[in-house]
Amino acid sequence: MKTGLIVEGGGMKCAYSAGVLDGFLDENINFDYCIGVSAGAANSASYLAGQRERNKRFYCEHSQSPRYFGVRSFLKTGNLFGLDYIYGTLTEEGGGDPLDYETMIDNPTEFEFPATDTESGKPHYFTKYDLTPNDYAPIKATCALPVATKAVEIEGHFYYDGGVSDSIPVWRALEKGCDRVVVIMSKPKGFFMEPQSYKSVYKRVLRNSPKIIQDLNHRHEVYNAQLKKVLEMEKEGKAMVYYTPKIEKMSTYSVDSVLAESLYNTGLYDARETMDKLKEFMQK
């Protein structure tokens, strides 16, 4: 049996998955395969590197820097989220809060994360071997939210957030041979996605990337189909799902450290409370 872990993106709401993953670290829970999207990919990297509370620091401490998110970052870099600061200045070797690259690489778990190719509109699946201690461009790519950030260039190709084309990569996990999956959602239970808002805005800003516009126009359809597959697997006993609770005023773009810590603590609590169930699920 091959067990996979899927970690959805969701910006600052991924403080919840940071808590769940730290709960997994506390009990030495390991997976054969892991795929993270956007902030879920960044959380997964710290998890695979065994760095407990590293993700928490990004949501609750580093996020308070004007270089992390906001007008100052946008005016200086063109990005609301300071991708170069978060995944460069802080994350790279010798940075303010570096990722333990060697431990992540040595971890036997297969690790992938999608980014959306601006030309084709299709997901490109990067792996941990595409990263180096001083170049986390693929992580920046999977986190590059359209409109909020610029596309990230890697070897002549430009990429946006992986969630544009593959928000809940359950079919990718199945293609990679997973028989069962643990899914950490950044949405509450019962959520289904509505058509994207602000179409006039993203159509104007992304006018040179028609495939990305097309992806965004149909994102809710793809997302809901993926979610239905996860729910189907959950009913069949082939998926175990963690849902982020809805917290008022907490959104993708919230940099409220109090709310972030509350989400993190909830994730940690949920992981601990379901640990026996998780271990039983993984031993089937």
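Residues numbered from 1 in each chain as written. Predicted model: local features only at pLDDT ≥ 70, side-chain atom pairs only at ≥ 80, totals over all residues. Heavy atoms only, no water.

Caption draft 1: Quick look at the overall build of the protein. Across its full length, the protein holds 13 helices and eight strands. Computed over its C-alpha atoms, the radius of gyration of the protein comes to 17 Å, within 12% of the 19 Å expected for a compact globule of 284 residues. By its C-alpha atoms, the protein is 50 × 40 × 40 Å across when sized along the principal axes. Out of the 284 residues in the protein, the part that is buried amounts to 56%. Contacts spanning at least 24 positions in sequence make up 74% of the contacts within the protein whose residues lie at least 6 apart. Accessible surface computed for the protein: about 12,700 Å², of which carbon and sulfur atoms make up 49%. (Helix = DSSP H or I, 4+ residues; strand = E, 2+ residues; numbered from the N terminus. Rg over C-alpha atoms; globule rule 2.2 N^0.38 Å. Buried < 20%, exposed > 50% of the residue type's maximum accessible area, 1.4 Å probe, protein only. Contact = heavy atoms within 4.5 Å. Areas by Shrake-Rupley, 256 points an atom, 1.4 Å probe, with all protein chains shown as cover.)

Caption draft 2: Region of interest: the pattern of salt bridges. Taken as a whole, this structure holds 16 salt bridges when the rule is applied. Aspartate 26 serves as the salt-bridge partner of arginine 272, at 3.7 Å between the closest nitrogen and oxygen. Of this pair, arginine 272 sits in helix H12 (residues 257-273) while aspartate 26 sits in helix H1 (residues 15-26), and the two are 246 residues apart along the sequence. Among the residues examined, arginine 272 registers a relative accessible area of 51% and is labelled exposed. The salt bridge partner of aspartate 84 is lysine 140, with a shortest N-O separation of 2.9 Å. Remark: lysine 140 occurs in helix H7 (residues 137-142) and aspartate 84 occurs in helix H5 (residues 83-89); sequence separation between them is 56 residues. (Salt bridge = Lys/Arg side-chain N within 4 Å of Asp/Glu carboxyl O.)

Caption draft 3: Main features of the packing of aromatic side chains. Using the criterion set out here, one finds nine aromatic pairs in the structure. Look at phenylalanine 69 and phenylalanine 81: their rings are 4.8 Å apart centre to centre, the planes differ by 55°, and that puts the pair in the tilted class. Of this pair, phenylalanine 69 sits in the loop between helix H3 (54-60) and helix H4 (71-77) while phenylalanine 81 sits in the loop between H4 and H5, placing them 12 residues apart in sequence. Under the relative-accessibility criterion, phenylalanine 81 is labelled buried at 8%. Ring geometry for phenylalanine 113 against phenylalanine 126: centres 6.3 Å apart, planes inclined by 25°, an arrangement best described as stacked. A residue pair is termed long-range when its members are at least 10 positions apart, and phenylalanine 113 in strand E3 (residues 110-117) and phenylalanine 126 in strand E4 (residues 123-127) qualify at 13 residues. (Phe/Tyr/Trp six-rings, centres within 6.5 Å; stacked < 30°, edge-to-face > 60°.)

Caption draft 4: Structural view of the environment of histidine 157. Tracing the sequence through the fold places histidine 157 in strand E6 (residues 157-160). For histidine 157, a relative accessible area of 38% translates into the label partly exposed. In this structure histidine 157 touches Asp117 and Val152, once residues within four positions along its chain are discounted.

Caption draft 5: Examining the environment of valine 241 more closely. As for its position among the elements, valine 241 is in strand E8 (residues 239-242). The sequence separation of valine 241 and valine 183 amounts to 58 residues, and the corresponding C-alpha distance is 4.8 Å. Residue contacts for valine 241: discarding those within four places in its chain leaves Val183, Met185, Val230 and Glu234.

Caption draft 6: Spatial organisation of the pairing of strand E2 (residues 33-36). Burial along E2 is two-sided: Tyr33 and Ile35 and Cys34 and Gly36, pointing in opposite directions, are all buried. Of the pairings in the sheet, the one linking strand E1 (residues 3-7) to E2 comprises four bridges and is parallel in character. Directly across from isoleucine 6, in E2, lies its bridge partner isoleucine 35. Of the crossover connections in this fold, the one passing from E1 over H1 to the parallel E2 is right-handed. Bridge count between E2 and E3: three bridges; the pairing is parallel. Paired with cysteine 34 across the two strands is phenylalanine 111, which belongs to E3. (Pairing = 2+ DSSP bridges. Right-handed = clockwise from strand over helix to strand, strands pointing away.)

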